[in-house]
Amino acid sequence: MDLHALMPPLMFLALILFLLSGYPVAFALGATGIVFGFLGIALDIFPPALLRAMPDRIFGIMSNQLLLAIPFFTLMGIILERSGLAEDLLDTMGKLFGPLRGGLALSVVFVGAILAATTGVVAASVMAMGIISLPIMLKYGYNPRFASGVILGSATLAQIIPPSVVLIVMADQLGVSVGDMYRAALIPAGLTVGLYFLYVIYVALFRPQWAPALPLEARPDAGKEPEAAFALLSYLLVGVGSWKLGEFLQLPAWLEGLEVLLGLFLWTLFLLPRIQRNPLLRRALLSMVPPLVLIFLVLGTVLLGVATPTEAGAMGVVGALVLAALNRRLSFRVLYQAMEQTATLTAFVIFILIGSTLFSLVFRGVDGDLWVEGFFTGLPGGEAGFILFVMLLVFLLGFFIDFFEIAFIALPLLAIGAEALGIDKLWFGLLVGVNLQTSFLTPPFGFALFYLRNVAPKEVKTGDIYLGGIPFILLQLLVLVLVYFLREPILRFVGS
Amino acid sequence: MRLLLGLAKAIDALSERVGRIIAWLALLVALLSAGNALMRYGFSYSSNAYLEAQWYMFSLIFLLGGAYALKKNAHVRIDLVYGRLSQRTQAWIDLLGTLLFLIPMALGVLYLAWPWAMTSLAVRETSPDAGGLPRWPIKLALLLGFALLALQGLSELIKRIAFLVGVYALAEEKGRGVE
């Protein structure tokens, strides 16, 4: 038996075994790399020079400016989480849409999308919504299963809506630009939010008893809601309108930005009497301004290609600090906790990356990449067969492990197959990214399920939480199918 | 055993202290990077020294934070089997994992990175870019990080053994960060 040919499957098996032991992933990966590395040298399978490249590989991770965006977006998210942003938004949007059937659920989806674009932390979104919105929904007669599902689905939007940390990690692993990844992700993000809205509307129409409207006595500003909602909508129209006008006049980017601001300012002056008369409108505007400014500052600059994700993340941290200070939520304790959590997360995430780098260096040294490639190209069905296999695999893995492990361990191996079959990496990453959302909602190891269970009132049964997530998993899978068929439009969109 | 537990406690205190430093680095690096971005857009000014200081600080966070995260039991595990086991069995897995995975990995990296860092130190290597920072300190930091990691591994080893022979109570904290 040829020892050389035996090494890749042996190494792979050892890795699976070590990972399953439950010992921290980073060290199981790294040790597999190091031990097989020295074994390979002893057996003369590859030259010692291979292992001498190891410090340089770690150094490559250290000097990778892109990865800096991970602590930045994490710190920004944790500070925002403590700044009261989510509470204000959920409260005012609930009051605004509450009078509609299904309105509370719509407001949860809406706020979920905004939180995803700012804090980007699934756990934070689940907990904020579970603590604030779930009790209100239950109190006014929402079906607990439906209410839990809406919260779970909306919270996992953080994975697919930029500035998601997962998208950064995936872009890095696949060797595509983060800006492109963010731009491409806007399409599945929009599709997911749209489908959630449609589903909530469907429930409101055909299962009205699941999602009743707020009764009159629960509406301190009764009668003022339509005006406030239409005023908010008018801002959207004015904003888009002045942006389009700027484009039509072919203004330079900075002037266009100024022109949009001017448009919004003039509109505010026009609405001023109404804003003064309508406290709900006032609160809604006040709660919407900070996240929108942050979204523009952070995401807008990245998507327009003005700033790198790293720069935008750093500016986002400053923005989050300012916002928290303005809301008087910034104390030394809050700040220190946020810093400490960020440092810890950065350490364990980058350590998984170091471990997986050590593993793949040696794995490629024993021609493991060829072995994996042979396996993937041997799958029946060519490209479609490969995609189907990968999607099933990622979905099933999502039941047991979470996205860090999939992104760092499975993705590099899967990328070998994608490359061999000539599949566009960006589109492939998008498919995996959409699929990874489900890993938060699939038992027994769905993190969103855990977080919601921790904060949900006792009358919500654990079964309600698990079953409630299912419609939203199905919607996410539907988006996956759409992304599969929308490959050309998505790539064209990113290219433009 | 008492002596060993004393050693473990000293190592834990060291990691804890390092953890406090890197927490501040996490904030400082964000402020530095925001400052760099503002200088670049506002005044078209950029300096390699400050840009490199960004990733030096970032590197320090995770190189030195690896040991701290280990102390906090924050490194990601696959809980599929581990989560259902008794605390005793978990301690056995951690004991063997530390001996077979963590310490060999840390020592292996140290062995491989030692000549690499020492060469850099000997020639006082600096950044290839104009106005950049000296390179050798951050390469030494890699050694320091993995040495701290091995040390914290030793502490975890001692605590697991002490737990298994019944003279030490393991905290059941799971310091998992944020998702």
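About the thresholds
Residues numbered from 1 in each chain as written. Chains lettered and ligands numbered in written order. Predicted model: local features only at pLDDT ≥ 70, side-chain atom pairs only at ≥ 80, totals over all residues. Heavy atoms only, no water. Helix = DSSP H or I, 4+ residues; strand = E, 2+ residues; numbered from the N terminus. Contact = heavy atoms within 4.5 Å. Areas by Shrake-Rupley, 256 points an atom, 1.4 Å probe, with all protein chains shown as cover. Lys, Arg positive; Asp, Glu negative; His and termini not counted. Charge placed at Lys NZ, Arg CZ, Asp CG, Glu CD. pLDDT = per-residue confidence, 0-100. Core = buried A, V, L, I, M, F, W, Y, C linked by side-chain atoms within 4.5 Å. Buried < 20%, exposed > 50% of the residue type's maximum accessible area, 1.4 Å probe, protein only. Expected span 1.5 Å × (residues − 1).

When you go through chain B residue by residue, the secondary structure sums to five helices and zero strands. The secondary structure elements of chain B, listed N-terminal to C-terminal, are α-α-α-α-α. Principal axes of the C-alpha set define a box for chain B whose edges measure 60 × 40 × 30 Å. Of the contacts made within chain B by residues no fewer than 6 positions apart, 76% connect residues no fewer than 24 positions apart. For chain B, the accessible area works out to roughly 8300 Å², and carbon and sulfur atoms hold 67% of it. Distance from the positive charge centre (17 side chains) to the negative charge centre (11 side chains) of chain B: 4 Å.

Residues and elements named next belong to chain B. With 96% of its residues at a pLDDT of at least 70, chain B reaches an overall mean of 90. Here helix 3 (residues 79-82) stands out as the least confident element of chain B, with mean pLDDT 82; helix 5 (residues 136-164) is the most confident, with 96. Under a pLDDT of 50 for its full length, residues 173-179 has, in the predicted model, 29 contacts with residues more than four places off or in other chains. Scoring of the predicted complex yields 0.90 for pTM and 0.93 for ipTM.

Where a protein is soluble and globular, its nonpolar side chains tend to be buried together. Judged by nonpolar contacts, the single largest core of 239 residues is most densely connected at Phe 27 and Phe 428 of chain A together with Phe 146 of chain B. Counting residues per element, this core draws most heavily on helix 17 (residues 332-365) of chain A, which supplies 18 residues. Contact partners of Phe 146 of chain B, with chain neighbours within four places excluded, come to Ile 58, Phe 351 and Ile 354 of chain A together with Leu 63, Met 105, Ala 106, Val 109 and Leu 110 of chain B.

Let us look at helix 13 (residues 225-248) of chain A. Residue and element names in this part refer to chain A. With 24 residues, helix 13 ought to run about 34 Å at 1.5 Å a step, and its terminal C-alpha atoms sit 34 Å apart, in line with that. Looking at the packing, one finds that the buried side of helix 13 touches helix 6 (85-97), helix 14 (253-277) and helix 15 (279-303). Once helix 13 finishes, Gln 250 follows within two positions and takes phi at roughly 55 degrees, a positive value.

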